[in-house]
Amino acid sequence: MNKIYRLKQFSLLFFLLFSIVSCNKSEKIKVVAVKKPDPIVIEFGFKFNDYDVVQDTIVSGDTFGSILEGQNIGDKKVHEIVEKVKDSFNVRNIRIGKHYTLLRSKDKTTKLQIFVYQPDRTNYFVVDLRDSVIAYKKQKPITIKRRTIASELNGSLSETLEKQNVEAALATEISNVYAWSIDFFKLQKGDKFAITFTERYINDSIYDGVDNLEAAFFEYKGKIIYAFPFQQDTTSSKVDYYDEEGKVLKNMFLKAPLKFINITSRFAKNRFHPVQHTWKAHKGTDYAAPTGTPIMTTASGTISKTGYTAGNGNFVKVKHNRTYETQYLHMSKILVRQGQRVNQGDVIGKVGSTGLATGPHVCYRFWVNNTQVDPLRLKLPNSEPMNAKYKNRFIATMTPLKKELDSIAKLKFKL
């Protein structure tokens, strides 16, 4: 009896499965592809989806007029458009290599509606031809993002920053900040540093470079040297950098008249002259650099003499005060004149190999009370100290920045 019952159950199950399979075979399943809508693209304040968009670059021979003449602009004459927009957009200023965008109607006429010209990455001009002709200038939204990094030198400062995905140009700003307290020629692989800085982003996504250096420290000769920007007088635009105690980093003299260049010969009482092949005193410091490299005056002063001699080549001498004078030799070109006032860091000439020189370099000479000395061995005077009445405000500003630098350095270097 149980066998008969089980056989009936099996037969019923088989029939049901066969019916289901048969039904599936007989039915046709229709798959309907659903087209995804195009993503919304908004740029320059316009919805690109509503236009026929042409993006191009200005090439040789292009003018505002020639670009418009190649478009269907209806009854509007190019010269009339130029006249109407001239107060807001000087069409003569378009330059080769710059980008422009045409927004045209999506119908078969493809009539030009909008012309957009980008002179740089952030600014743009719009010429709107839709109703009445108008033109205006706008700027893409800029977002400022903040970063703090810590690292060890591996190669040059620029190379180390690039490995940290930081714009190498920040190295120049850092070298300017520390130019009075660190000899970058003596930095070594493994020296530690940390920096807090801000970066610009266009439309919150497109990188546009370093914006500002907020704080830094560098390990130099076993000592940590901090740098914090501070504006003593808030009504002035002048910003100086100070260490954590409020001492100004800026000395009266720069460490060198060039940036990131090797010293090839130091101040010496007796040196074999590479051209004259005799032993004699070398009362200067030679910095090798490519011909044409800018030479800076290491301190503010007045040009006391310029000229040429067979030994010195083209040279410039600067009197800084009653005590100090500096001289710069072997220039390929002199860019100042006698009696001219110069500020610290001003370019006064270009590196060359004029006079007795085996290659392009600048020989930097230094006088104290009319006696030539080795500036690398001098303890040079500092600038004016911070006014005591600003000290509390500086400490309040500096303290959280220092804490941030120290925290990331502790994590990075496991101090």
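Please refer to the structure higher up on the page.
The structure reproduced in this document is the subject of the present report. Worth saying up front: this structure is predicted, and the values here are computed from it rather than measured. (Residues numbered from 1 in each chain as written. Predicted model: local features only at pLDDT ≥ 70, side-chain atom pairs only at ≥ 80, totals over all residues. Heavy atoms only, no water.)

**Concerning the overall build of the protein**
Part 1: On a plain count of helices and strands, the protein comes out with six helices and 24 strands.
Part 2: Across the 415 residues of the protein, 39% fall into the buried class.
Part 3: Approximately 24,700 Å² of the protein is accessible, and the part contributed by carbon and sulfur atoms is 51%. (Helix = DSSP H or I, 4+ residues; strand = E, 2+ residues; numbered from the N terminus. Buried < 20%, exposed > 50% of the residue type's maximum accessible area, 1.4 Å probe, protein only. Areas by Shrake-Rupley, 256 points an atom, 1.4 Å probe, with all protein chains shown as cover.)

**Considerations on the packing of aromatic side chains**
Part 1: One pass over the structure, following the stated rule, counts 21 aromatic pairs.
Part 2: Measuring from centroid to centroid gives 6.0 Å for phenylalanine 89 and tyrosine 117, while their planes differ by 35°, and the two rings are tilted. Of the two residues, phenylalanine 89 is situated in the loop between α3 (78–85) and β4 (99–104) and tyrosine 117 in strand β5 (residues 112–118); the sequence distance between them amounts to 28 residues.
Part 3: Residue classification places phenylalanine 89 among the buried residues on the basis of a relative accessible area of 2%.
Part 4: If you follow lysine 192 out to its NZ or CZ, it ends over the ring of phenylalanine 413, 5.6 Å from the centre. (Phe/Tyr/Trp six-rings, centres within 6.5 Å; stacked < 30°, edge-to-face > 60°. Lys NZ or Arg CZ within 6 Å of the ring centre and 35° of its normal.)

**As for the sheet that holds strand β8 (residues 142–152)**
Part 1: Taking strand neighbours across the sheet as the criterion, the five strands line up as β8-β9-β10-β11-β12 in an open arrangement whose pairing is antiparallel. Both outer strands of the open sheet, β8 and β12 (240–242), are each paired with one neighbouring strand and no more. Averaged over all adjacent pairs, the angle separating strand axes in this sheet is 30°, with direction ignored.
Part 2: With five bridges connecting them, strand β10 (residues 206–220) and strand β11 (residues 223–230) associate as antiparallel partners. The partner of phenylalanine 218 across the bridge, within β11, is isoleucine 225.
Part 3: Sitting on the sheet, helix α5 (residues 170–177) touches β9 (192–202), β10, β11 and β12, and the angle it makes with β10 is about 35°.
Part 4: On top of the sheet, helix α6 (residues 391–413) reaches β8, β9, β10, β11 and β12; it is set at about 55° to β8, its chief contact. (Pairing = 2+ DSSP bridges. Axes fitted to C-alpha atoms, helices over the stretch in contact; angles between N-to-C directions. Contact = heavy atoms within 4.5 Å.)

**Some details on the pairing of β11**
Part 1: Two successive antiparallel strands, β10 and β11, enclose a turn made up of two residues, where lysine 221 displays a positive phi of approximately 55°.
Part 2: Sheet topology note: the β11/β12 ladder contains three bridges and is antiparallel. The residue bridging phenylalanine 230 from the neighbouring strand is aspartate 240, located in β12.

**Some points on α3**
Part 1: Within the span of α3, buried status applies to Val78, Ile81 and Val85. With its buried residues spanning 60° around the axis, α3 presents them on a single face. Turned more than 90 degrees away from the buried face of α3, the exposed residues are His79 and Lys84.
Part 2: Its buried side turned inward, α3 meets α2 (64–69), β6 (123–128) and β7 (134–139). (Arc of directions from axis to C-beta.)

**As for the pattern of salt bridges**
Should their charged atoms come close, side chains of opposite charge can pair.
Part 1: For the coordinates displayed, the defined rule picks out 15 salt bridges.
Part 2: Arginine 146 is the salt-bridge partner of glutamate 214, the closest N and O atoms lying 2.7 Å from each other. With glutamate 214 in strand β10 and arginine 146 in strand β8, the pair connects residues that are 68 residues apart, well separated along the chain.
Part 3: A relative accessible area of 41% places arginine 146 in the partly exposed class.
Part 4: Within the structure, one salt-bridge network assembled from shared partners comprises Arg121, Arg200, Asp208 and Asp211. (Salt bridge = Lys/Arg side-chain N within 4 Å of Asp/Glu carboxyl O.)

**Overview of unusual backbone geometry**
Part 1: A positive phi angle is found at threonine 110, which is not glycine, with a value near 40°.
Part 2: Relative to the elements of secondary structure, threonine 110 occurs in the loop between β4 and β5.
Part 3: Phi at histidine 330 is positive, roughly 70°, even though this residue is not glycine.
Part 4: Mapped onto the secondary structure, histidine 330 falls in strand β20 (residues 324–334).
Part 5: Residue class for histidine 330 comes out buried when judged on its relative accessible area of 5%.

**What about the side chain of glutamine 113?**
Part 1: Looking at the element boundaries, glutamine 113 is found in strand β5.
Part 2: Exposure remark for glutamine 113: the relative accessible area of 16% places this residue in the buried category.
Part 3: A polar contact is formed between the side chain of glutamine 113 and the backbone oxygen of lysine 111, at a distance of 3.2 Å. (Polar contact = N/O pair within 3.5 Å; in protein donor to acceptor, adjacent residues only side chain to side chain.)

**Remarks on the nonpolar core**
Part 1: Counting residues in each nonpolar core, the largest one holds 25 residues, and the members touching the most others are Leu157, Leu161, Ile174, Tyr178 and Ile195.
Part 2: Those elements that provide at least two residues to this core are α4 (157–163), α5, β9, β10 and β11.
Part 3: Top contributing element to this core by residue count: β10, with five residues.
Part 4: Look past the residues within four positions of leucine 157 in its chain and what remains in contact with it is Ala171, Ile174, Phe184, Phe193 and Phe218. (Core = buried A, V, L, I, M, F, W, Y, C linked by side-chain atoms within 4.5 Å.)

**Concerning the sheet that holds β7**
Part 1: Read across the sheet, five strands follow the order β3-β4-β5-β6-β7 without closing on themselves; strand pairing throughout is antiparallel. Bordering the open sheet on either side are β3 (52–57) and β7, each of which pairs with just one other strand. Recorded for the sheet is a direction-independent mean angle of 20° between the axes of neighbouring strands.
Part 2: With six bridges joining them, β6 and β7 adopt antiparallel strand pairing. Across the sheet, residue phenylalanine 125 finds its bridge partner in β7, namely lysine 137.

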